Amino acid sequence: MRLSRYLKIYPCPDQPDQSLLYSTKRSALLQLPEATLQAVLDGTVAGADRDALARLGFLVPDAEAERLEMRDIFVNANKSRRQFNAVVVLNLDCNLACGYCYEDNFRGNFYMSSDTAELLVETVISGHMEKGHDALLSFYGGEPLLGIGLIKDIAGRLLAAAARTGTKFSFSLVTNGTLLTRELVQELKPLGLTGAKVTLDGPRETHDASRPFASGSGSFDAILDNVAQICDLIRLNLGGNFTRENYRSFPALLDCLAARGVTPTRWLKCNSRRL
Ligand code: SF4
């Protein structure tokens, strides 16, 4: 038996002799004594512990079979939908230098090649749009807007394919928000832009401490200006990283947003006639 490859293992801050195991496959959380975890990692876990972990899907008999099982789940889920959804990682480049960036070791001037972009477009068209499926892409990075040429190229070609195949194409962005100006949104909407997910880690002081520009200066003002300028144009999904150190600043962030007119109903008010 082996540990499932779809597990994240975290320490328990209040109980150093325990670990938390999160299964991304089952959406299940398990608290495990260190000794049991070590036995699992050593391959020596046995008896009731092994049986319980296997029953819960944290231990699997064959790692490759589990990978294929997951692939089949996605393939079948996509087959049963009329809409094809995909997250497209465009680059590993970024203009911010967030202290917690999980891409830190890989970040750099790496962009999707034109060959890969071509393969993506062809796969979406022949594998999905020509079969009558709508396509929804989410561009991700790094900071995807540093690859704006790639976005325009991919979106333009898929939009043309949608017109040809009688399907719909749209896309969203997972962006740090620093480059998402009103002018750019107005330019991208005709290409299919419908929404963006932007991260704010708190009000100015808190956010700037965790999400500075690569130059070291704060990014909060640039992001809030952009968010306030575009929240009537596209659906905005605001997220943030809040820990026990900064969560008390959350209400102050809401005050900042409200003061700039960024409210949950703003987009709806501006677009209700189009719904
Ligand atoms: S914006 Fe995202 S990719 Fe860029 S440094 Fe921050 S966490 Fe990393």
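Caption draft 1: Inspection of the sheet that holds strand β3 (residues 18-23) at higher detail. The strand order across the open sheet formed by three strands is β2-β3-β4, and the pairing between neighbours is antiparallel. If you trace the sheet from one side to the other, it starts and ends with β2 (7-11) and β4 (28-33), each paired once. Averaged over neighbouring strand pairs, the angle between their axes works out to 25 degrees when direction is ignored. Here six bridges tie β3 to β4, and the two strands are oriented antiparallel to one another. Bridged to Tyr22 within β4 is Leu29. Packing against the sheet, helix α1 (residues 34-42) makes contact with β2, β3 and β4, and its axis sits at approximately 100 degrees to β4.

Caption draft 2: View of the state of the cysteines. For the coordinates displayed, the defined rule picks out zero disulfides. No disulfide involves Cys256; its sulfur sits 14 Å from the nearest other cysteine sulfur, which is in Cys231.

Caption draft 3: Examining the layout of surface pockets more closely. There is about 430 Å³ of room inside the largest pocket. Around the largest pocket sit 21 residues that line it, and Tyr102, Tyr140, Gly142, Thr199 and Arg211 are the ones nearest its centre. Of all the secondary structure elements, the ones that give two or more residues to the lining of the largest pocket are β8 (169-175) and β9 (193-199). Looking at which element gives the most residues to the lining of the largest pocket, the answer is β9, with three residues. Residues that form the lining of the largest pocket fall into these classes: ten nonpolar, six polar and five charged.

Caption draft 4: Fine view of the domain arrangement of the protein. For the protein, the assigned domains read domain 1 (2-65) and domain 2 (82-274). Taking only C-alpha atoms, the centre of domain 1 and the centre of domain 2 are 35 Å apart.

Caption draft 5: How the structure looks around helix α4 (residues 114-127). With 14 residues, α4 should cover 20 Å at 1.5 Å per step; its first-to-last C-alpha distance of 19 Å lies within 8% of that length. The elements touched by buried residues of α4 are β6 (83-89), β7 (134-140) and α5 (148-165).

Caption draft 6: Broad picture of the environment of Arg266. For Arg266, the location among the structural elements is in helix α10 (residues 266-271). Residue Arg266 is classed as partly exposed on the basis of its relative accessible area of 26%. Measuring from C-alpha to C-alpha, the distance between Arg266 and Leu233 comes to 9.6 Å, with 33 residues separating the pair along the chain. Among all residues touching Arg266, those that are not within four sequence positions of it are Ala228, Cys231, Asp232, Arg260 and Gly261.

Caption draft 7: Region of the structure containing the site of the ligand. In the vicinity of the ligand, the contacting residues are Cys94, Leu96, Cys98, Cys101, Glu103, Arg107, Gly142, Asn176 and Arg211. If you map the ligand onto the pockets, it falls in the largest pocket. A class-by-class count of the residues in the shell around the ligand yields four nonpolar, two polar and three charged.

Caption draft 8: How the structure looks around the sheet that holds β7. In spatial order, the strands read β6-β7-β8-β9-β10; together these five strands make up an open sheet with parallel pairing. Across the chains shown, the open sheet's two edge strands, defined by having one partner strand only, are β6 and β10 (235-239). Here the average twist between neighbouring strands, direction ignored, is 15 degrees. Bridge analysis of β9 against β10 gives five bridges, and the strand direction is parallel. Looking across to β10, one finds that Val198 is bridged to Leu238.

Criteria and thresholds
Residues numbered from 1 in each chain as written. Predicted model: local features only at pLDDT ≥ 70, side-chain atom pairs only at ≥ 80, totals over all residues. Heavy atoms only, no water. Pairing = 2+ DSSP bridges. Helix = DSSP H or I, 4+ residues; strand = E, 2+ residues; numbered from the N terminus. Axes fitted to C-alpha atoms, helices over the stretch in contact; angles between N-to-C directions. Contact = heavy atoms within 4.5 Å. Disulfide = S-S within 2.5 Å. 1 Å grid on protein atoms, 1.4 Å probe; cavity = no way out; pocket = protein on both sides within 12 Å on 5 of 7 lines; lining within 4 Å. Points joined across faces, edges and corners; volume = space filled by probe spheres on them. Nonpolar A, V, L, I, M, F, W, Y, C, P; charged D, E, K, R; others polar. Domains from an automatic or database assignment. Expected span 1.5 Å × (residues − 1). Buried < 20%, exposed > 50% of the residue type's maximum accessible area, 1.4 Å probe, protein only. Near = heavy atom within 4 Å. Sits in = over half its atoms within 2 Å of the grid points.

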